[in-house]
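Residue-level structural notes
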Amino acid sequence: MEIIINSVHFNADKKLLDFVNKKVGKLDTFFDGIISAEITLKLLKPETVRNKISEVKLSIPVNGYLFAKKQADTFEEATDLAVDAIRKQLGKYKDKLKSK
């Protein structure tokens, strides 16, 4: 699976990029057919509480893509929430494939 990470309004450090790669890379264990993942990390202006957004878009065969967007105090927390949401969507997608 190809993983693309974009950061908007800031430069992501290596530690954050490694964390996102590791988290999103684990999605392969839930579904083999993931083609690519595009993660967008956004910093909302002005500086407020919960101003960090993580968007995860997975390209999958047949149906196109799955998408989740979560907002939290840290990028790590937002990414965790988004990956959990994608994991649930992958479960539903796999069930749908089995029932066909």
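Quick note: structure is the one above.
Residues numbered from 1 in each chain as written. Predicted model: local features only at pLDDT ≥ 70, side-chain atom pairs only at ≥ 80, totals over all residues. Heavy atoms only, no water.

Structural notes on the pairing of strand S1 (residues 2-8)
Sheet topology note: the S1/strand S2 (residues 36-43) ladder contains seven bridges and is parallel. Bridging across to S2, Ser7 finds its partner in Leu41. (Pairing = 2+ DSSP bridges. Helix = DSSP H or I, 4+ residues; strand = E, 2+ residues; numbered from the N terminus.)

A word on the packing of aromatic side chains
This structure, assessed with the given rule, holds two aromatic pairs. Between Phe10 and Phe75 the ring centres are 4.6 Å apart and the planes differ by 15°, which places this aromatic pair in the stacked class. Of this pair, Phe10 sits in the loop between S1 and helix H1 (14-25) while Phe75 sits in helix H2 (residues 75-99), placing them 65 residues apart in sequence. Side by side, Phe10 and Phe75 carry an identical accessibility label, which is buried. With 5.4 Å between their ring centres and 85° between their planes, Phe31 and Tyr93 make a pair best called edge-to-face. Remark: Tyr93 occurs in helix H2 and Phe31 occurs in the loop between H1 and S2; sequence separation between them is 62 residues. With respect to class, Phe31 is no different from Tyr93; both count as buried. The positively charged end of Lys57 is found above the aromatic ring belonging to Tyr65, 4.4 Å away from the centroid. (Phe/Tyr/Trp six-rings, centres within 6.5 Å; stacked < 30°, edge-to-face > 60°. Buried < 20%, exposed > 50% of the residue type's maximum accessible area, 1.4 Å probe, protein only. Lys NZ or Arg CZ within 6 Å of the ring centre and 35° of its normal.)

What about H1?
Along its twelve residues, H1 runs 16 Å from first to last C-alpha, staying within 8% of the 16 Å computed at 1.5 Å per residue. Here H1 has its buried residues at Leu16, Val20 and Val24. The buried residues of H1 occupy an angular sector of 55° when projected down its axis, which confines them to one face. Of the residues in H1, the exposed ones pointing more than 90 degrees away from the buried face are Lys14, Lys15 and Lys22. The elements touched by buried residues of H1 are S1, S2 and H2. (Expected span 1.5 Å × (residues − 1). Arc of directions from axis to C-beta. Contact = heavy atoms within 4.5 Å.)

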